[in-house]
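Given next are the chains, with one letter for each unit.
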Amino acid sequence: MRSDGLDPAQVDGLGDIDADAYRRALHEIADLIADYAESLPGRPVLPPVEPGSIAPMFPTAPPEDPAPLESILADYRRLVEPHATAWNHPGFMAYFPTSSSAAGVIGELLMASLAQNTFLWRTSPIGTELETVVVSWFRQALGLPEGFDGLVTDTASIGSLMALAAAREAAGLEAAQRGLPARPEVGEPRVYASAEAHSSIDKACMILGLGRDALVHIATDDALRLRSEALEAAIRADLGAGRRPIAIVATLGTTASTSVDPIADIADIAERHGLWLHVDAAYAGVVALLPERHDTFSGWERADSIIVNPHKWLFTPFDASLFLTRRMTQVRAAFSIMPEYLRTLDRATPTRDMGEYTPQLGRRFRALKLWVLLRWFGLAGLRRRIEHHMLQAQTLAGWVDADPSFERLAPVPFSVVCLRWRPAELANHAGDPVVEAFLDTQNQALMDALNRTGEVLLSHARLHGRFTIRVAFGNLRTTDRELARVWHLLREHAERLERAPAPSAASAERTPVQAVAADSRPSGG
Ligand code: PLP
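So, here is what we can say about the structure in this document. (Residues numbered from 1 in each chain as written. Predicted model: local features only at pLDDT ≥ 70, side-chain atom pairs only at ≥ 80, totals over all residues. Heavy atoms only, no water.)

Another point: the overall build of the chain. Secondary structure assignment for the chain yields 17 helices and eleven strands. Over its C-alpha trace the chain gives a radius of gyration of 26 Å, about what one expects of a compact globule, namely 24 Å for 525 residues. Its C-alpha atoms give the chain principal-axis dimensions of about 90 × 70 × 45 Å. Sorting the 525 residues of the chain into buried and exposed places 51% on the buried side. For the chain, the proportion of contacts with a sequence separation of at least 24, taken over those separated by at least 6, is 71%. Summed over all atoms, the accessible surface of the chain reaches about 24,100 Å², with 54% contributed by carbon and sulfur. Here the chain contributes 52 positively and 65 negatively charged side chains, and the mean placements of these two sets differ by 3 Å. (Helix = DSSP H or I, 4+ residues; strand = E, 2+ residues; numbered from the N terminus. Rg over C-alpha atoms; globule rule 2.2 N^0.38 Å. Buried < 20%, exposed > 50% of the residue type's maximum accessible area, 1.4 Å probe, protein only. Contact = heavy atoms within 4.5 Å. Areas by Shrake-Rupley, 256 points an atom, 1.4 Å probe, with all protein chains shown as cover. Lys, Arg positive; Asp, Glu negative; His and termini not counted. Charge placed at Lys NZ, Arg CZ, Asp CG, Glu CD.)

This paragraph deals with the pattern of salt bridges. Following the criterion strictly, the structure yields 39 salt bridges and no others. Between D75 and R78 there is a salt bridge, with its nearest N and O atoms 3.1 Å apart. Highlighted residues: D75 and R78, both in helix α3 (residues 69–80), separated by three residues, approximately one helical turn. A relative accessible area of 32% places D75 in the partly exposed class. Accessibility expressed as a relative area gives 52% for R78, which makes it exposed. (Salt bridge = Lys/Arg side-chain N within 4 Å of Asp/Glu carboxyl O.)

Quick look at the site of the ligand now. Inspection of the region around the ligand gives 13 residues, with A156, S157, T255, D280 and N309 positioned closest. Within the contact set of the ligand, an oxygen atom lies 2.8 Å away from a backbone nitrogen or oxygen of A156. Measuring from an oxygen atom of the ligand, one finds a side-chain N or O atom of N309 at 2.9 Å. For the ligand, the accessible surface in isolation is 400 Å², of which the surrounding protein chains cover 87%. Among the elements of the structure, α6 (156–170) and α12 (310–313) are those that each provide at least two residues to the shell around the ligand. Within the shell around the ligand, the residues separate by chemical class into three nonpolar, eight polar and two charged. (Near = heavy atom within 4 Å. Polar contact = N/O pair within 3.5 Å; in protein donor to acceptor, adjacent residues only side chain to side chain. Nonpolar A, V, L, I, M, F, W, Y, C, P; charged D, E, K, R; others polar.)

Another aspect to go through is the packing of aromatic side chains. Applying the stated criterion to the full structure yields eight aromatic pairs. Three or more aromatic residues link up through ring pairs in this structure, and these residues are F96, Y283, W313 and F414. Across from the ring centre of Y357, 5.2 Å away, lies the NZ or CZ of R352, which sits over that ring. Above the ring of F96, the side-chain terminus of R470 is found at 5.1 Å from the ring centroid. (Phe/Tyr/Trp six-rings, centres within 6.5 Å; stacked < 30°, edge-to-face > 60°. Lys NZ or Arg CZ within 6 Å of the ring centre and 35° of its normal.)

Across its 13 residues, helix α9 (residues 228–240) extends 18 Å between first and last C-alpha, which sits within 8% of the 18 Å expected from 1.5 Å per residue. Burial in α9 covers these residues: S228, A230, L231, E232, A234, I235 and D238. Contacts from the buried residues of α9 go to β2 (189–194), β3 (215–218), β4 (244–251) and α10 (263–273). Of the residues flanking the end of α9, it is G242, one or two places downstream, whose phi is positive at about 80°. (Expected span 1.5 Å × (residues − 1).)

The set of residues buried in helix α13 (residues 328–335) consists of M328, V331, A334 and F335. Seen end-on, α13 carries its buried residues on one side only, within an arc spanning 115°. The elements touched by buried residues of α13 are β1 (149–153), α6, α7 (175–178) and β7 (321–325). (Arc of directions from axis to C-beta.)

Its place among the elements puts D154 in the loop between β1 and α6. Here D154 is buried and forms no salt bridge, its nearest opposite-charge partner R366 lying at an N-O distance of 4.7 Å. Each residue touching D154, except ones within four places of it in the same chain, is listed here: H311, D319, A320, S321 and R366.

Structure representation (structure tokens):
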């Protein structure tokens, strides 16, 4: 016997370990996983290491001999855990927090152990059919009509790629069969999305051979929402120039500020011009679980396709993204290919082979993880948590609004607060390039200072050209203690910042900025 209790004949010989040894190993892993979760508040959110410093801690050559589990786990604790960004830390408020609930982790373990590959019905009858059940549960819970069908994919990026591939088929380009090169009759395809749309839309255009030039970024209004009259004008201009509009992407919850495009107006435009309407609700779509928030989404039921990411704000470990569509036939047209070896011969033709609808063949059984999640929390439990995160954001927004040294840079429709430090004496100098550059530098320094504490992790965006600190709620473990703490840290570290740009000694003239700098020096200084 080895020190970890595993039989060397089983580890070193052929085959896998027996059931008892497997059970012992899994019990040990259970402790490890729970220990890590317990230890999170005491760890820094961002590991204090520099790029390139971790790989040299590992041997350069692969191991020739088997190692005992004990030694693998010791190295895991020593080399892996401390160098992981702690997404599950209660102070993780960067990007869109993706917290891995216990339910999600259990779902992942079950997925791995059941070893399903869901590309054909026969390669996973339960995988295929539970996926349709889970998609239908979500459709109902999100308040979408019965016409929506769909599947579970890995990411929103792939969901948007699938939507635009289907849109291309729906527009009659026949690209799946004939490709696009040397086909002048195809014209210049065009896709429309707001200037705030996620870069995955650009990537989808790149991958689909439409090119980034095919994506028209439509201007946004003061609240960073797509301007529908600008969209209409852009489509008309393209039609007038002989180009070929194929799809519009509306975003409900943009990445930087969580703004909400005017979906009903956009749906009207899509209908008027016969264009595929894809809705990217990767982050905010889960808010539609709250019946009282259905107004925010009113019009999305007219979309051709919608994506919502459980791995953003639904406590699901990465990855799981819902792809919902009223036009599965077009999705199939974009991706179906059935070589002989994949044909089902021993059963009646299955109602659905999932691999015909997706860019890749092999597929994980993500529906299992989502089924566990929905059962575990129930819709009521999910709604309560989402409401709580939006309340946390509103509370912080209220504190920011009441403090003359801070300002909010965007509305807070969901759970993200976009803010910057801006001392009261600079309020009347907004727009002055020197002041704006100064505020950009100081706010970046402020964010970096908070992130260096290890207590919280914040990320940034640029809104209306300004450096913006984003505080994102949505983490299952963020309590009101961390909410109060992040605000305390922001104010405390802001106190240490220079309050005005240094007057330029070189300049003979006193600019308004220099006047501010001079005026704000402590009296008697
Ligand atoms: N859409 C929006 C609005 C996002 O914010 C993001 C990522 O943050 C994505 C799409 C891409 O998500 P994924 O990583 O699932 O591809």
